[in-house]
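An overview of the molecular structure
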Amino acid sequence: MESAGDNYLASTRKLFAYYKSLGDAVIARLDDEQLHWQYNEASNSVAVIIKHIAGNSISRWTDFLTTDGEKQGRNRDNEFEDLSATKQELTGLWNKGWDCLFNAINPLTDNDLLSVIYIRNEAHTVTEAINRQLAHLPYHIGQMVFVAKLILGDNWASLTIPKGQSTAFNADKFAAEKKK
């Protein structure tokens with residue numbers, strides 16, 4: 001029988017993979033120039049958000065059980081400066097951040113969830129650190145989606161259930177057998 005902790009870990013891995021897939025779809029839809037578009041000086045481009053997500057994930061999840069999650073080598077302020085990175089470079093950085101996260105959480109077991117780790121010298125259980133990341137990353141991925149919608153306008157294709165199609169979507173779901 002699966003423990004509550006193992007169920008939690010499986011669920012978080014699934015959620016992280018889902019949110020990564022949304023970001024992957026945004027990146028795939030935008031060209032180099034669009035990745036660097038900003039609504040105004042106070043807003044972030046998709047490229048900047050990618051840099052921040054990657055920098056945060058690499059800092060938080062590298063040796064996270066034994067070192068503070070805010071690595072001394074991280075330059076968070078630089079993450080919010082838009083450099084002229086290509087789509088290929090940004091995709092590489094994006095994947096590096098996600099690989100770091102998945103390499104850290106995939107081997108975890110139920111026994112690890114109450115272990116204490118530190119982020120900026122503040123104690124967190126592993127569960128709290130995962131929850132923190134599960135709140136942080138979707139926040140920024142939602143921003144990526146919004147910026148991409150602004151850029152693509154009428155050429156945007158929904159990443160979830162399109163407007164006006166909920167009834168048909170639900171009818172298909174409820175017509176099928178229940179599944180886990």
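Reference entry: report on the structure contained in this document.

So, how was this worked out
Residues numbered from 1 in each chain as written. Predicted model: local features only at pLDDT ≥ 70, side-chain atom pairs only at ≥ 80, totals over all residues. Heavy atoms only, no water. Pairing = 2+ DSSP bridges. Helix = DSSP H or I, 4+ residues; strand = E, 2+ residues; numbered from the N terminus. Polar contact = N/O pair within 3.5 Å; in protein donor to acceptor, adjacent residues only side chain to side chain. Axes fitted to C-alpha atoms, helices over the stretch in contact; angles between N-to-C directions. Parallel < 35°, antiparallel > 145°, perpendicular 65-115°, else oblique. Left-handed = near helix turned anticlockwise from the far one by under 90°. Contact = heavy atoms within 4.5 Å. Phe/Tyr/Trp six-rings, centres within 6.5 Å; stacked < 30°, edge-to-face > 60°. Buried < 20%, exposed > 50% of the residue type's maximum accessible area, 1.4 Å probe, protein only. Lys NZ or Arg CZ within 6 Å of the ring centre and 35° of its normal. Salt bridge = Lys/Arg side-chain N within 4 Å of Asp/Glu carboxyl O. Core = buried A, V, L, I, M, F, W, Y, C linked by side-chain atoms within 4.5 Å. Patch = residues over 30% accessible without salt bridge, like charges linked within 9 Å, V, L, I, M, F, W, Y side chains within 5 Å. Areas by Shrake-Rupley, 256 points an atom, 1.4 Å probe, with all protein chains shown as cover. Lys, Arg positive; Asp, Glu negative; His and termini not counted. Charge placed at Lys NZ, Arg CZ, Asp CG, Glu CD.

Relative to strand E2 (residues 122–125), strand E1 (residues 116–119) is paired through four bridges, and the arrangement is antiparallel. Note that in E2 the partner of Ile 119 across the bridge is Glu 122. Linking E1 to E2, which pair antiparallel, is a turn of two residues; within it Arg 120 sits at a positive phi near 55°.

What follows covers the side chain of Ser 59. Relative to the assigned elements, Ser 59 resides in helix H3 (residues 46–61). Of note is the side chain of Ser 59, whose polar atom sits 2.7 Å from the backbone oxygen of Gly 69.

It is at 8 Å that the axes of H3 and helix H5 (residues 87–105) come closest, and there the two elements cross at 30°. In terms of their interaxial angle, H3 and H5 are classed as roughly parallel. Considering the relative orientation of H3 and H5, their crossing is left-handed. On the side of H3, the interface is formed by Ala 47, Ile 50, Lys 51, Ile 53, Ala 54, Ser 57, Ile 58 and Trp 61, while H5 contributes Leu 90, Leu 93, Trp 94, Lys 96, Gly 97, Trp 98, Cys 100, Leu 101, Ala 104 and Ile 105.

The next subject is the packing of aromatic side chains. Counted by the stated rule, this structure contains six aromatic pairs. Plain terms: the ring middles of Tyr 18 and Tyr 19 are 5.1 Å apart, the flat faces sit at 70° to each other, and that makes the pair edge-to-face. Residue classification places Tyr 18 among the partly exposed positions, given a relative accessible area of 36%. A relative accessible area of 24% places Tyr 19 in the partly exposed class. Between the aromatic rings of Trp 94 and Trp 98, the centroid separation amounts to 5.6 Å while the plane-to-plane angle is 65°, which identifies the pairing as edge-to-face. With Trp 94 and Trp 98 both in helix H5 and four residues apart, the pair spans about one turn of that helix. In this structure, Arg 29 is placed above the aromatic ring of Trp 156, and the distance from its NZ or CZ to the ring centre is 4.7 Å.

Turning next to the pattern of salt bridges. This structure, assessed with the given rule, holds five salt bridges. For Lys 20, the salt bridge identified is with Asp 24, shortest N-O distance 2.9 Å. With Lys 20 and Asp 24 both in helix H1 (residues 4–29) and four residues apart, this pair spans about one turn of that helix. Across the salt bridge formed by Glu 70 and Arg 74, the nearest N and O atoms sit 2.9 Å from each other. On the accessibility criterion, Arg 74 (14% relative accessible area) is buried. Taken together, the salt bridges that share partners define one network made up of Arg 60, Glu 70, Arg 74, Glu 79 and Arg 120.

On to the nonpolar core. Judged by nonpolar contacts, the single largest core of 40 residues is most densely connected at Phe 16, Trp 61, Ile 130 and Met 144. Broken down by secondary-structure element, the contributors of at least two residues to this core are H1, H3, H5, E1 and helix H6 (126–152). Among the elements that make up this core, the one with the highest residue count is H6 (eleven residues). If we skip the residues at most four places from it in the chain, Met 144 touches Gly 23, Val 26, Ile 27, Val 46, Ile 49, Ile 50, Ile 53 and Trp 94.

With that settled, the discussion passes to a positive patch on the surface. A contiguous patch of positive charge on the surface is contributed by Lys 14, Lys 173, Lys 179 and Lys 180. Here Lys 173 is to be found in helix H7 (residues 166–175). Residue classification places Lys 173 among the partly exposed residues on the basis of a relative accessible area of 49%.

These figures capture arrangement, not role.
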